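# Structural characterization, general
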Amino acid sequence: MTTTTLPAAPVTDAAALTGKRRIAFASYVDENYLPGFLVLLRSLALSNPAVCEDFVVLYDDLRPASIARIRALHPRIVLRRVNDTHYDAYQKGDQDNYLVRKAYFILDVFRLREYDTVITLDTDMVVLGDLGELLKLREGLAAVPQFFYGQHKLNSGLLVIQREYLSDEFCARLDATGRSGDYELDKHDQGILNAVLSGDFIRLDPRYNFVKRRLSGDLPVPEDTAILHFTGRHKPWQGGESGYSQAEEKWREYELSDAEFQAAYLSRSGGLHHDLVVHYGTPHVARTGDVEAARKVAAAHIASGDYQDAVDILRSVHIPLDEAWPHEVLGHALMSVSRYAEAKAQLLLATAAPNRAATAYARLAQMSWVHGDNASALKYATAGMSVDITHRSSRLWAQRAASVPAQELGAPEDQLAHVAFYMDRQGNAGDKLLPESVRSAFGPDTTTRRWHSVHAHRLFDEAALERVNARRGLVIGGGGLFIPDTMPNGNSAWQWNVPDELMRRIDVPIAVYAVGFNAFDGQSYRAGRFRESLRLLVEKSAFFGLRNHGSIEKVRAMLPEHLHGKVRFQPCPTTVTRQLVPGWQDPASREDTILLNAAYDRAGLRFGHDYGYFLAQMARAVRDLGELAEVKCVAHSLDDEKIAFDLRREHGISLPVIPMYDFGNDEIRDLYARTKLVIGMRGHAGMIPFGCGTPIISLISHPKMAYFLRDIERPEWGVSVHDRHLAARLVERSTDLLRDHRATVADVHGRQQELWKVTEANAADLKAILGG
């Protein structure tokens, strides 16, 4: 089977690996039009409070004070000077003329290379409605046809420009047309673009660039107007123009002071973007001491993993005793930085309010469980269910607290301690299988006779240290433990809740085995604490193996150079399942099925603005794949069933759902071994079937999927969820893999054999380190 050439982007370039679209707004701004641009920024935030993309400001004469005013209104401003030197050959009129200078901006926009989609907005526009439709556009160059000038020419006030136009080739065409002067109209930008495009652009509804002159005679602004454009010489900030008072009233609604604007944004209901909440809310809280605003800012910090910032903002205000919600959020933040006693006091205050009590009790149960106090955990969880019998989190902690741990059968000196995330019943199927898979790499006995379990999320205290040091070694592994937010703590800032001072006192050999660096594209760690804990772990470890080379590069970048050599490759043991399971037999025959898996945790980071597109493409793919085999949805967790619900509701497609979250480990392996093909979005919806000898195609929404496919030298077995031709590529690649299924399976076995060689070599080193 042939392989494709690897992308030129660095292996750790998350955006390049996931294919997630990078979107930006852009405007040309000068001092004269600055008042209009400030109104534009305010109106964009207030009309689209859940949207926060980069905003590229092209300029040539802005003063530092003006730039500061712009930055105060948006957290992701990207400043770029207009380069007008290469337009000298075709300049017309006075260089100080705004229209000529703006032409430089339009043409420079096409030289942006960092983005896949750029939306240009004139500084004499005001945003009045939802721009979601523009953010979802993925192809072509879109604009509103000009008013008065006919439907074949565009108005350049709003452009939605896609990647194929942000290219050297298109820029050369613009330059050539501009120098030739072979265009019409008084504006350089419109004339050049219309000449080059010759009417070949996507027509947008006029409501996205509703020009002022359509309202002549003081007509009201139509309610569905998304963008109102104050074309003409007379601008609202210059005194306006008679006959347009109702239009100008719309503009003046956004002529606010910073204090008024910040308060207006924070008062918006519904989904607010966490970056905007923090940017506007932080100065608002500092100025006013507003408790509710502080709660919103803290919740936004928590959503971004900035737990200490959440503590700080709420500690900066006085929270009345009867304000339950701020106490609950502060309790959540405090427990996330391991200030447990303070967190308990805040959460107990929150239990006084019926609408916050269940959540507060669940967090109290969680803290008790983290400290190994199952009796208190069960008491708090039960209290949460007494307030709200449907409260899922309270029910989860009640189940954890009531479960009876397996009794250990072997003597401590014969056991290895094992730090892992031990998944609950009905939890993620992949995580459920992982601890057993890790243990199987050290020998066939995966029971408590040979293994002492240490749950990564429980506080590693003196008693836990004593138990570990009584064993013959410590294995740390079972999934993407290097992730900041599944169960945050302030002791390590990754999944094992271990203080440095206790890690230093572990005196048995430590083996870090097949751990992954699992941060999503757009997700960050609290770098200082994580780096310190990571460095100590690497220093203490006798073996430090990560499950893909992408994780290796990410971790090495956080370590001093002298520790780089300790970080080695150890594939996830699920990828060599056929070699590890005693008595494994490949299936004599396979079911005529294709199993489809989608993941919905952190959906915003996975899909961005493209979920509707993804779902439509999957609908098309499922219909065509049905000609090859029966397609079934395999759910690793309860949330994974969403794709089946959405396909039925939005596209009328019904898929059988296999609840793998209810399966035991043998059932998981058996199902994946008996199907013909798995198309999966979760990491272990790829690695587990691959390890069972089954062909896979990965739906890439996380860098780790691409990392694995690079390691097995089959990047063509992955398709980004953002791919412009997602459905066609899935069907084409599925057809290729199924055409000669025997050869495809043999290729999977061959790729797996290369991982097994690495695993065997590492096993020899581990035997020398740990014995046995």
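Scoring rules and cut-offs
Residues numbered from 1 in each chain as written. Predicted model: local features only at pLDDT ≥ 70, side-chain atom pairs only at ≥ 80, totals over all residues. Heavy atoms only, no water. Helix = DSSP H or I, 4+ residues; strand = E, 2+ residues; numbered from the N terminus. Rg over C-alpha atoms; globule rule 2.2 N^0.38 Å. Buried < 20%, exposed > 50% of the residue type's maximum accessible area, 1.4 Å probe, protein only. Contact = heavy atoms within 4.5 Å. Areas by Shrake-Rupley, 256 points an atom, 1.4 Å probe, with all protein chains shown as cover. Lys, Arg positive; Asp, Glu negative; His and termini not counted. Charge placed at Lys NZ, Arg CZ, Asp CG, Glu CD. Pairing = 2+ DSSP bridges. Phe/Tyr/Trp six-rings, centres within 6.5 Å; stacked < 30°, edge-to-face > 60°. Lys NZ or Arg CZ within 6 Å of the ring centre and 35° of its normal. Expected span 1.5 Å × (residues − 1). Polar contact = N/O pair within 3.5 Å; in protein donor to acceptor, adjacent residues only side chain to side chain. Salt bridge = Lys/Arg side-chain N within 4 Å of Asp/Glu carboxyl O. Right-handed = clockwise from strand over helix to strand, strands pointing away. Axes fitted to C-alpha atoms, helices over the stretch in contact; angles between N-to-C directions. Parallel < 35°, antiparallel > 145°, perpendicular 65-115°, else oblique. Left-handed = near helix turned anticlockwise from the far one by under 90°. Nonpolar A, V, L, I, M, F, W, Y, C, P; charged D, E, K, R; others polar.

## Here we look at the overall build of the protein chain
Scanning the protein chain from terminus to terminus reveals 31 helices and 23 strands. Computed over its C-alpha atoms, the radius of gyration of the protein chain comes to 29 Å, within 12% of the 28 Å expected for a compact globule of 772 residues. With the C-alpha coordinates aligned to their principal axes, the bounding extent of the protein chain is approximately 90 × 70 × 55 Å. When the 772 residues of the protein chain are sorted by exposure, 58% land in the buried category. Within the protein chain, residue pairs in contact and separated by at least 24 positions form 72% of the contacts whose partners lie at least 6 positions apart. Of the roughly 30,400 Å² that the protein chain leaves accessible, carbon and sulfur atoms contribute 49%. Taken as two groups, the 90 positive and 98 negative side-chain charges of the protein chain have centres that lie 3 Å from each other.

## What to know about the sheet that holds strand S5 (residues 125-127)
Across the sheet, three strands lie side by side as S5-S10-S9; this open sheet has mixed pairing. Taken across any chain shown, the strands that pair with only one partner, and hence form the sheet edges, are S5 and strand S9 (210-211). As paired strands, S5 and strand S10 (residues 227-229) are joined by three bridges and run antiparallel to one another. For Val 127, the partnering residue across the bridge sits in S10 and is Ile 227.

## Quick word on the packing of aromatic side chains
Summed over all chains, the structure comprises 24 aromatic pairs. Ring centres of Tyr 265 and Tyr 280 lie 5.1 Å apart, and the angle between their planes is 70 degrees; this geometry places the pair in the edge-to-face category. Residue Tyr 265 is located in helix H9 (residues 258-266), and its partner Tyr 280 is located in helix H10 (residues 274-288); the two are separated by 15 residues in the primary sequence. Owing to a relative accessible area of 0%, Tyr 265 belongs among the buried residues under this scheme. What links up through ring pairs into an aromatic cluster is the set Phe 460, Phe 482, Trp 494, Trp 496, Phe 517, Phe 530 and Phe 544. The lysine or arginine in question, Arg 203, covers the ring of Phe 201, its NZ or CZ lying 4.1 Å from the ring centre. Residue placement shows Arg 714 over the ring face of Trp 717; its charged tip is 6.0 Å from the ring centre.

## What about helix H18 (residues 429-440)?
Over its 12 residues, H18 runs 17 Å from end to end, which matches the ideal 16 Å to within 8%, given 1.5 Å per residue. Among the 12 residues in H18, 10 count as buried, and that is most of the element. Of all the positions in H18, only Ala 429, Gly 430, Lys 432, Leu 433, Leu 434, Pro 435, Ser 437, Val 438, Arg 439 and Ser 440 are classed as buried. Two to three positions downstream of the cap, the backbone nitrogen of Gly 430 sits 2.8 Å from a side-chain oxygen, assigning the N-cap of H18 to Asn 428.

## Some points on the pattern of salt bridges
Under the counting rule described, the total for this entry stands at 42 salt bridges. Residue Arg 22 pairs with Asp 116 through a salt bridge whose shortest N-O separation is 3.2 Å. Of this pair, Arg 22 sits in the loop between helix H1 (14-18) and strand S1 (23-28) while Asp 116 sits in the loop between helix H4 (98-109) and strand S4 (117-121); the two residues are 94 residues apart in sequence, bridging distant segments of the chain. We classify Arg 22 as partly exposed; its relative accessible area is 36%. A salt bridge links Glu 114 to Arg 80, with the nearest nitrogen and oxygen atoms 2.5 Å apart.

## Observations concerning unusual backbone geometry
Here the phi dihedral of Ser 338 falls at roughly 65 degrees; this positive angle occurs in a residue that is not glycine. Among the structural elements, Ser 338 can be located in the loop between helix H13 (324-336) and helix H14 (340-350). Under the relative-accessibility criterion, Ser 338 is labelled buried at 16%. Backbone geometry places Arg 602, a non-glycine residue, at a positive phi of 50 degrees.

## Description of the pairing of strand S21 (residues 677-680)
Alternating positions in S21 separate into two faces, Leu 677 and Ile 679 on one and Val 678 and Gly 680 on the other, with burial throughout. Across three bridges, the pairing between strand S18 (residues 593-596) and S21 is parallel. By the bridge assignment, Ile 594 is partnered in S21 with Leu 677. Sheet topology places S21 next to strand S22 (residues 696-700); three bridges connect them, and they run parallel. Bridging across to S22, Ile 679 finds its partner in Ile 697. Chirality of the crossover, the property in question, places the unit of S21, helix H28 (residues 684-691) and S22 among those that are right-handed.

## Quick word on the packing of H14 against helix H15 (residues 354-370)
Taken N-terminus to C-terminus, the directions of H14 and H15 make an angle of 155 degrees; their axes are 8 Å apart at the nearest point. Taken together, the axes of H14 and H15 lie roughly antiparallel to each other. Once H14 is placed against H15, the crossing between them reads as left-handed. Where H14 approaches H15, its residues Tyr 340, Ala 343, Lys 344, Leu 347, Leu 348 and Ala 350 are matched on the opposing element by Arg 356, Ala 357, Ala 360, Arg 363, Leu 364, Met 367 and Val 370. Residues belonging to the contact of H14 with H15 are distributed by class as follows: 10 nonpolar, no polar and three charged.

## A word on the sheet that holds S1
The sheet built from seven strands is open, its strands ordered S3-S2-S1-S4-S7-S6-S8 with mixed pairing. Where the open sheet ends on each side, the last strands, each with one partner, are strand S3 (77-81) and strand S8 (202-203). In this structure, S1 lies alongside S4, joined through four bridges in parallel fashion. Residue pairing for S4: Ala 26 is matched across the bridge by Thr 120. Lying on the sheet, helix H2 (residues 34-47) is in contact with S1, strand S2 (54-59) and S4; it crosses S2 at an angle near 175 degrees.

## Examining the environment of Thr 225
Mapped onto the secondary structure, Thr 225 falls in the loop between S9 and S10. Along the chain, Thr 225 and Glu 553 lie 328 residues apart, while their C-alpha atoms are 49 Å from each other. Sequence-distant contacts of Thr 225, that is, excluding residues within four places in its chain, are made with Leu 128, Gly 129, Arg 207 and Phe 210.

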